Amino acid sequence: MMSFSEETRERAREIIARYPADRSRSALLPLLHLVQSEEGYVSPAGVAFCAEVLGLNKAQVGAVATFYTMYKRRPTGDFLVSVCTNTMCNVLGGQQVYDTLTEHLGVGHDETTADGTITLEHAECLAACDYGPVMTVNYDFFDKVDPDSAVAVVDELRGGGRPMPTRGPRLCTLKEMSLQLAGFADTRDGAVGEGPAGDATLRGLRLAQQHGVSVPGFDPNTPIVSKQDGGATATKTPAAATGTTAPDVKAPQDKSPEIRAAETRAPDAKTAVPDAPGTKVPADGPAPADDAKAAEAAGVAANKPASDGKPAGDSAASPKEADK
């Protein structure tokens, strides 16, 4: 059984310390990412480690580790390549992309290349239909791929390169990604460098700019309220004029979001509540006619509620007694 490094044990203690003493089991998810960052997957030793530090049994840890697909239960390559083969991406060629990668890499679903670089999987949906067909590398997107561009990406990965995703941050290995998901900063140079955004993501912004649409009274230079100085603004610099004629609207900062939400659920007596006693709720349509009411009553009478009684024709006698 693998013995985890002292650095990992120290990080485990740091993770557990983030939670109240009587809620330490809430640390299980980041702890699973932590052991995956050291081994590249959640091994039986990783399950035992999490159970040990949290005072759980291995069955409890294993139940969580097998529920979430981001926790890999067998050795996984440095780069997890997922190709969407669900309906939309499939229509656009996703299955062809997956089949091409399968043949090119010589591996099937959830299998890893001999050099340990690539693990290939088909994904049911990667939630990016407007960019289909899509594939991800360690969950970063490569949009509108075709067989040739997909092969180019995996070849660059196998050659030691880090191709830039279509949108999102720069690529990292599965272990590096797992460490970030455990809640620790990746200190590599450029590890969190910004990446591009997709055209569909920016479409709404571009349409707003094209047609001069903006939020009434919005000024991007408005000073930000600081909680540390009791609600005073963080800067006293006056906001630049925006040219808008919309009236200034005071932000509801006197009340916390919790108080406003509570008042919405239970307003004062002057505010009508739809389901309050004595309140008339508008019907969706005209009242049913008398013949409709009669038909409904007849249907209810003909369909009595189920009971514990035996079905008709079922006798209390056992099969042996019935044969006598």
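Given the structure is predicted, the values throughout are model-derived calculations rather than measurements. Each chain carries its own residue numbering, running from 1 in the direction its sequence is written. The model is predicted, so local features are restricted to residues of pLDDT at least 70 and side-chain atom pairs to those at 80 or more, both for listing and for counting; the totals for chains, interfaces and linings are taken over all residues. In computing side-chain properties, one takes all heavy atoms of the structure into account and sets aside hydrogens as well as water.

### Regarding the confidence of the model for the protein chain
Detailed reading of the predicted coordinates is not advisable wherever pLDDT is low. Residues at a pLDDT of 70 or more form 69% of the protein chain, whose mean pLDDT is 79. Confidence over residues 233-249 falls short of pLDDT 50; this stretch has 17 contacts with residues more than four positions distant or in other chains. Think of pLDDT as the predictor's per-residue confidence, scored from 0 to 100. Residues count as neighbours in contact if any of their non-hydrogen atoms are within 4.5 Å of one another.

### Here we look at the pattern of salt bridges
Should a side-chain nitrogen of Lys or Arg be within 4 Å of a carboxyl oxygen of Asp or Glu, the pair is scored as a salt bridge. Under the definition given, this model contains ten salt bridges. One salt bridge in this structure joins Arg74 and Asp110, with 3.4 Å as the shortest N-O distance. Of this pair, Arg74 sits in the loop between helix H4 (58-65) and strand S1 (79-84) while Asp110 sits in the loop between helix H6 (94-105) and strand S2 (111-112), placing them 36 residues apart in sequence. Given a relative accessible area of 29%, Asp110 falls into the partly exposed group. Salt bridges sharing partners connect three or more residues here, namely Glu6, Glu10 and Arg13. Secondary structure elements follow DSSP: runs of H or I of four or more residues count as helices, runs of E of two or more count as strands, with numbering from the N terminus. Here's how the labels work: a residue is buried when its accessible area is under 20% of the maximum for its type, exposed when over 50%, partly exposed in between, all with a 1.4 Å probe on protein chains only.

### Brief notes about the sheet that holds S2
Taken in spatial order, the five strands of this open sheet run S2-S3-S1-S4-S5, and their pairing is mixed. Each edge of the open sheet is held by one strand with a lone partner, namely S2 and strand S5 (140-142). Only strands that DSSP links by at least two bridges are regarded as paired with each other.

### Some details on the side chain of Thr85
The residue Thr85 is located in the loop between S1 and helix H5 (87-91) in this model. Discounting residues that sit within four places of it in the chain, Thr85 has contacts with Asn90, Gly94, Gln95, Tyr98, His122 and Ala123.

### Re the pairing of S1
With six of six residues buried, S1 lies mostly within the body of the structure. Residues of S1 alternate between two faces, with Phe79, Val81 and Val83 on one and Leu80, Ser82 and Cys84 on the opposite face, all of them buried. Two elements, S1 and strand S3 (residues 118-123), share six bridges in a ladder whose sense is parallel. By the bridge assignment for S3, Leu80 is matched with Thr119.

### Comments concerning the nonpolar core
In this description, a nonpolar core means a group of buried Ala, Val, Leu, Ile, Met, Phe, Trp, Tyr and Cys residues linked to one another through side-chain atoms lying within 4.5 Å. Counting 23 residues, the largest nonpolar core has Ile15, Leu31, Leu32, Leu34, Val42, Cys50 and Val61 as the members making the most contacts within it. Elements represented by at least two residues in this core include exactly helix H1 (6-16), helix H2 (28-39), helix H3 (44-54) and H4. When residues in this core are grouped by element, the largest group, six residues, is from H3. If sequence neighbours within four positions are ignored, Val61 has contacts with Leu28, Leu32, Val47, Cys50, Ala51 and Leu56. Formed by 20 residues, the second largest nonpolar core is a distinct cluster that contains Val83, Leu105, Val137 and Leu171.

### A few points about the environment of Lys72
The topology assignment puts Lys72 in the loop between H4 and S1. Separated by 36 residues in sequence, Lys72 and Gln36 have C-alpha atoms that sit 7.9 Å apart. Setting aside residues no more than four positions away along its own chain, Lys72 makes contact with Gln36, Tyr41, Val42, Leu80, Glu121 and Tyr139. In the analysis that follows, any N or O atom pair within 3.5 Å is treated as a polar contact, provided that within protein one partner can donate a hydrogen and the other can accept it, and provided that, for residues neighboring in sequence, both atoms belong to side chains. Among the polar contacts made by the side chain of Lys72, one reaches the main-chain carbonyl oxygen of Thr69 at a distance of 2.9 Å. Within the structure, Lys72 has its side chain in polar contact with the side chain of Glu121 (distance 3.5 Å).

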